[in-house]
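Coordinates in review
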Amino acid sequence: MPLSPTGTPTATNKRTATSDSAVERDASPTLATAPGTGATDTTIKPRTSVFGFFFVWALLTRAILPTLVSHARTGVLRPNRSRGLDLFLRFFRAASQLPGMDVHRSRAVLALIANLDAPLREKLRAGCTFDPVVVAVDPRIIADLPAGAVVADTVAAEWVGFEDQEKAVKEENRDKVVLYMHGGAYVFSSAESYRHMVAPVARAFGRRIFNLDYTLSPEAVYPTAVRQAAAAVLYLTSPTEVGGAGYAPSSVLLMGDSAGGNLCMATLLYLRDQLQVGTDRMPSGAVLLSPWSDLRHNLPSYEQNKELDYINPFDKSDLNPVALLCGTSDYLGMVETDEVLSPVLDKGIEGDVSRRLPPIYISTGMDEILVDENILLAANLSRRSGSGSLVVHDLTEHQVHVFPFLAPRSHDARAFWARASAFVEECDTRAALSVPRVDAWGKTVEARIWRDGAPVSQGPSATWATRWPAIAAAKSKLVGAWPVERFGIGMSDEADKDIVGSAIGAAHDVRVDIGADRDSAELDDGAAAAEGVVRGAKL
């Protein structure tokens, strides 16, 4: 029996809640075979013997000395990084290059770190409740799908709420929910291991979280996770009379980091194209942290930033998450043509405003290897008719992949939470307008560079200018590439005429009052560990 809108699990669907300091799971809970995938979701425990345990520690020890030497030689690389964060980034970059780190050893490393970091994780989870569930999607929901459309028939997730629901959630937010999709390159992490990361999301947005526990690769391959995520949206937005959770589509917000950001975009495109969901039935919006957007990995920042980010270009390593996700090492044909796998390829639906994507907020660190593909994603979304009506892209100087979870006390992280919260409130406001949602959006794009918690540029021409020529040059060399000129970005003031003074833009022209000294920025090692920063690092 499915959950009620209040999120109270029944005896038939509730699994035993366990601490995420336990061994990290390899995959989601055992589920039925996803329709049309030919793959059965299974749980495989880490295959690490006593010998393997010491082998992993020996490998990690080999990364410590180079880390200390490089740090002593150059000092902290960026002015907004604490010493601890700088050491951590160097260590995981070195560790990810070590030989012998297969999927199971990599997962075992994350499990070891999770156990060591249990007290900090417990502190971050304080005040929240976690109810794991496996929900069977009612056949009546699936029966209404277009011919040929496929979604999973079960959804595994965790309801994240508050110990004091009345105090923590404003009355106007009690009928709203965030569908969260965790990162980990589709290979690492789980809803359980992300508890300490989604708890701050629940507190920041003041609403409950439905934390999707999609099946990882290589245990399942594309499009299993997408079909599970689409099923989660259908379950949440279907009436209780047909077994759904009863949320209005405008009360559901998508959010994901890294691979979870990719899954959010993939889900929106799958809803629009495969399930033919119109604008008025779409979620209210999406918040994407460093979304994995272009699985072709041929943009300049992929190489140029590899010494600044903690993620290495993994497609040149022994463990390639793209190959694991696609189920083959010969995957280039898939990622170069499939718009769901690589959302930057999306061409939109020309002239059909009734099937626009909802507003999308993208946060990117300018030191991360994914910065170019994030810019390309934002540009594509903002320039395609039939795509998103509101696109907000924040780039933060000297920050790395999914930085708000790594240094939560930094000025930049606090600015992110202020911006993301304002965006979510704006989505709520616009979704509540009495006019049809398709008519409620003006074409809007907002792009800014942030430094130490304050904006230093505004508008696509100023924000994307430093990276755009290299992106355009790289794309122009591709066989059959679509021209970047179609976005109309001429790197001039003319490009900024599309910017509309949206409420989120007007509200944040001044420095965010974060009230924390930069030197107090602390590394959230547990959050970083959940990022899967080992060979085949999280993206």
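All values reported here derive from a predicted model rather than from experimental measurement. (Residues numbered from 1 in each chain as written. Predicted model: local features only at pLDDT ≥ 70, side-chain atom pairs only at ≥ 80, totals over all residues. Heavy atoms only, no water.)

Observations concerning the overall build of the protein chain
Counting its secondary structure elements, the protein chain contains 19 helices and ten strands. Counting every position in the protein chain, which comprises 539 residues, the buried fraction comes to 63%. Long-range pairs, those at least 24 residues apart, make up 81% of the contacts in the protein chain with a sequence separation of at least 6. Of the roughly 19100 Å² that the protein chain leaves accessible, carbon and sulfur atoms contribute 55%. (Helix = DSSP H or I, 4+ residues; strand = E, 2+ residues; numbered from the N terminus. Buried < 20%, exposed > 50% of the residue type's maximum accessible area, 1.4 Å probe, protein only. Contact = heavy atoms within 4.5 Å. Areas by Shrake-Rupley, 256 points an atom, 1.4 Å probe, with all protein chains shown as cover.)

Let's talk about the nonpolar core
One finds Leu179, Phe210, Leu236, Met255 and Leu275 to be the most contacted residues of the largest nonpolar core, which totals 134 residues. Here this core takes ten residues from helix H8 (residues 224–237), the largest share from any one element. Excluding anything up to four places from it in sequence, methionine 255 contacts Val178, Leu179, Tyr180, Met181, Val201, Phe205, Cys264, Val287, Leu289, Phe416 and Trp417. Judged by nonpolar contacts, the second largest core, of six residues, contains Val103, Val187, Phe188 and Leu319. (Core = buried A, V, L, I, M, F, W, Y, C linked by side-chain atoms within 4.5 Å.)

Quick look at helix H2 (residues 83–95)
The terminal C-alpha atoms of H2, which comprises 13 residues, lie 18 Å apart, in line with the 18 Å expected from a rise of 1.5 Å per residue. Turning to H2, its buried residues number three or more, namely Leu85, Asp86, Phe88, Leu89, Arg90, Phe91, Phe92, Arg93, Ala94 and Ala95. (Expected span 1.5 Å × (residues − 1).)

With respect to helix H15 (residues 411–431)
Between its terminal C-alpha atoms H15 stretches 30 Å, which fits the 30 Å expected from 21 residues at 1.5 Å a residue. Taken across its 21 residues, H15 has 17 buried, putting it largely inside the fold.

A short note on the pairing of strand S4 (residues 208–212)
Counting buried positions over the five residues of S4 gives five, a clear majority of the element. Residues of S4 alternate between two faces, with Arg208, Phe210 and Leu212 on one and Ile209 and Asn211 on the opposite face, all of them buried. Two strands pair when backbone bridges link them, and strand S2 (residues 154–162) and S4 are joined in this way by four bridges, in the antiparallel orientation. Within the sheet, the bridge partner assigned to alanine 157 lies in S4 and is leucine 212. Bridging between strand S3 (residues 177–181) and S4 involves five bridges; their strand directions are parallel. In the sheet register, leucine 179 faces S4, and the bridge partner there is phenylalanine 210. (Pairing = 2+ DSSP bridges.)

Section: the side chain of lysine 176
Of note, lysine 176 is situated in the loop between helix H6 (165–168) and S3. What makes lysine 176 buried here is its relative accessible area of 14%. Of the polar contacts made by the side chain of lysine 176, one reaches the backbone oxygen of glutamate 172; its length is 2.5 Å. Setting aside chain neighbours within four positions, we find lysine 176 in contact with Arg207, Arg208, Tyr247, Ser251 and Asp428. (Polar contact = N/O pair within 3.5 Å; in protein donor to acceptor, adjacent residues only side chain to side chain.)

Here's the deal with the pattern of salt bridges
Under the defined criterion, the tally for this structure stands at 22 salt bridges. The residue glutamate 426 makes a salt bridge to arginine 430 at a minimum N-O spacing of 2.7 Å. Linking glutamate 426 with arginine 430, this pair stays in helix H15, spanning four residues, or about one helical turn. Just as glutamate 426 is buried, arginine 430 falls in that class too. Here glutamate 446 ties to arginine 448 by a salt bridge, and the two come within 3.6 Å at their closest N and O atoms. Because the salt bridges share partners, they merge into one network encompassing Arg78, Arg81, Asp86, Arg90 and Asp367. (Salt bridge = Lys/Arg side-chain N within 4 Å of Asp/Glu carboxyl O.)

With respect to the pairing of strand S5 (residues 252–257)
Of all six residues in S5, six are buried, a share of seventy percent or more. Because side chains alternate across S5, one face comprises the buried residues Val252, Leu254 and Gly256, and the other comprises Leu253, Met255 and Asp257, equally buried. Two elements, S3 and S5, share five bridges in a ladder whose sense is parallel. Following the sheet pairing, valine 178 is matched in S5 by leucine 253. Two elements, S5 and strand S6 (residues 285–289), share five bridges in a ladder whose sense is parallel. From the neighbouring strand, leucine 254 faces S6, where its bridge partner is alanine 286. Tracing the backbone out of S5, into helix H9 (residues 259–273) and back to the parallel element S6 gives a crossover that is right-handed. (Right-handed = clockwise from strand over helix to strand, strands pointing away.)

Things to note about the environment of alanine 474
Residue placement: alanine 474 occurs in helix H17 (residues 468–476). Under the relative-accessibility criterion, alanine 474 is labelled buried at 17%. Residues alanine 474 and leucine 299 lie 175 residues apart in sequence; the distance between their C-alpha atoms is 6.1 Å. For alanine 474, the contacting residues outside a window of four places in its chain are Asn298, Leu299 and Pro300.

Some words on the environment of alanine 323
By the secondary structure assignment, alanine 323 is in helix H11 (residues 321–326). Sequence separation between alanine 323 and serine 217 is 106 residues, and the spatial gap between their C-alpha atoms is 9.4 Å. The residues touching alanine 323, leaving out its near neighbours within four places in the chain, are Thr328, Ser329 and Tyr331.

What to know about the packing of helix H3 (residues 103–116) against helix H4 (residues 118–125)
The description of two packed helices rests on the angle between their axes and on the distance between the axes. In the contact formed by H3 and H4, the axes pass within 5 Å of each other and the chain directions differ by 70°. Here H3 lies roughly perpendicular to H4, going by the angle between them. Across the interface between the two elements, Ala114, Asn115 and Leu116 from H3 touch Ala118, Pro119 and Arg121 from H4. Its residues assigned to classes, the contact of H3 with H4 comprises four nonpolar, one polar and one charged. (Axes fitted to C-alpha atoms, helices over the stretch in contact; angles between N-to-C directions. Parallel < 35°, antiparallel > 145°, perpendicular 65-115°, else oblique. Nonpolar A, V, L, I, M, F, W, Y, C, P; charged D, E, K, R; others polar.)

Looking at the packing of aromatic side chains
A complete count under the given rule lists eleven aromatic pairs for this structure. A centroid spacing of 4.9 Å and a plane angle of 65° characterise the contact between phenylalanine 416 and tryptophan 417, whose relative ring orientation is edge-to-face. Taking the relative accessible area as the measure of exposure, tryptophan 417 reaches 15% and is therefore buried. Grouped by ring-pair contacts, the aromatic residues Phe205, Tyr361, Phe405, Phe416, Trp417 and Phe423 constitute a single cluster. (Phe/Tyr/Trp six-rings, centres within 6.5 Å; stacked < 30°, edge-to-face > 60°.)

Details of the confidence of the model for the protein chain
Taken over all residues, the pLDDT of the protein chain has a mean of 77, while the share at 70 or more is 72%. Considering only residues more than four positions removed or in separate chains, one finds that residues 1–48, a stretch of pLDDT under 50, has 138 contacts. Here residues 478–539 is a poorly scored stretch, pLDDT under 50, and it has 192 contacts once near neighbours within four places are set aside; other chains count. (pLDDT = per-residue confidence, 0-100.)

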